[in-house]
Amino acid sequence: MPIKSQGTHLYFVDKLTTPATPTLVKMSCPASLSGVGSGAKDQIDVTCLDALTDREYLSGLASPSAISVPYNFDPKQVSHQLLNQMKADGGTTEFMICLSDGTDAPTLVGGVLTAPLATKRTSIKFVAYVAENTVEFATNEVVKGTVSLQRSGSETWVYKV
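Small disclaimer: the values here were computed from a predicted structure and weren't measured.

**Student:** Talk me through the packing of aromatic side chains; I want residue IDs and the actual numbers.
**Tutor:** Tallied over the entire structure, the rule returns three aromatic pairs. With 5.7 Å between their ring centres and 45 degrees between their planes, Phe12 and Phe95 make a pair best called tilted. Of this pair, Phe12 sits in strand S1 (residues 9–14) while Phe95 is found in strand S6 (residues 93–98), placing the two residues 83 residues apart along the sequence. The class of Phe12 is buried, set by a relative accessible area of 0%. Classification of Phe95 as buried rests on a relative accessible area of 1%. Judged by centre distance (5.4 Å) and plane angle (20 degrees), the ring pair of Trp157 and Tyr159 falls under stacked. Its relative accessible area of 35% is what places Trp157 among the partly exposed residues. Residue Tyr159 is classed as exposed on the basis of its relative accessible area, which comes to 52%. Among the aromatic residues, those joined into a ring-pair cluster are Phe12, Phe95 and Phe126.

**Student:** Can you lay out the nonpolar core for me, pointing to particular residues and giving the numbers?
**Tutor:** Formed by 19 residues in total, the largest nonpolar core has its most connected members in Phe12, Met27, Val69, Phe95, Phe126, Val147 and Leu149. Those elements that place two or more of their residues in this core are S1, strand S5 (66–72), helix H1 (78–89), S6, strand S9 (123–136) and strand S10 (144–151). Of all the elements, S9 adds the most residues to this core, at four residues. Tyr11, Met96, Cys98 and Leu113 belong to the second largest nonpolar core, which has five residues in total.

**Student:** A description of the pairing of S10 should follow, citing residues and the corresponding values.
**Tutor:** Across seven bridges, the pairing between S5 and S10 is antiparallel. Across the sheet, Asn72 pairs through a bridge with Lys144, a residue of S10. For S9 and S10, the ladder comprises eight bridges, and the chain directions are antiparallel. Following the sheet pairing, Val130 is matched in S10 by Leu149.

What counts and what doesn't
Residues numbered from 1 in each chain as written. Predicted model: local features only at pLDDT ≥ 70, side-chain atom pairs only at ≥ 80, totals over all residues. Heavy atoms only, no water. Phe/Tyr/Trp six-rings, centres within 6.5 Å; stacked < 30°, edge-to-face > 60°. Helix = DSSP H or I, 4+ residues; strand = E, 2+ residues; numbered from the N terminus. Buried < 20%, exposed > 50% of the residue type's maximum accessible area, 1.4 Å probe, protein only. Core = buried A, V, L, I, M, F, W, Y, C linked by side-chain atoms within 4.5 Å. Pairing = 2+ DSSP bridges.

Next comes the structure, spelled out in structure tokens:
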């Protein structure tokens, strides 16, 4: 059965404010998430010289794609303030998307980000850096931002059972 996107949350680990004791931050007002699960694998050509009809390939390394997160910008929100700091820092951090099939939040204990129990909620954990964070102003609109999170490595899915 399909689930609604309303109620989906994006969390990240703040390692900048207090480096000795990282904290878990829930992003304020993301409007959508795109690019989750994308990133094609490279092809390794293993075709022999005597092949006459088709090339042969092995699967190579994946090239993780960026995840785009448009959001409604509020300069008072700590999560929005941190995005520019994270971009300037350039370091990677852990992110977690928690779907609307539950309400339990992830936990951060001893610097380890842990997904909600599989009986409680579906989640997607990944490591990324803030590649870009733009803010847009338009007539008769709210101020909007878009953060681009460049994934590094694979995503870890925990499916609600």
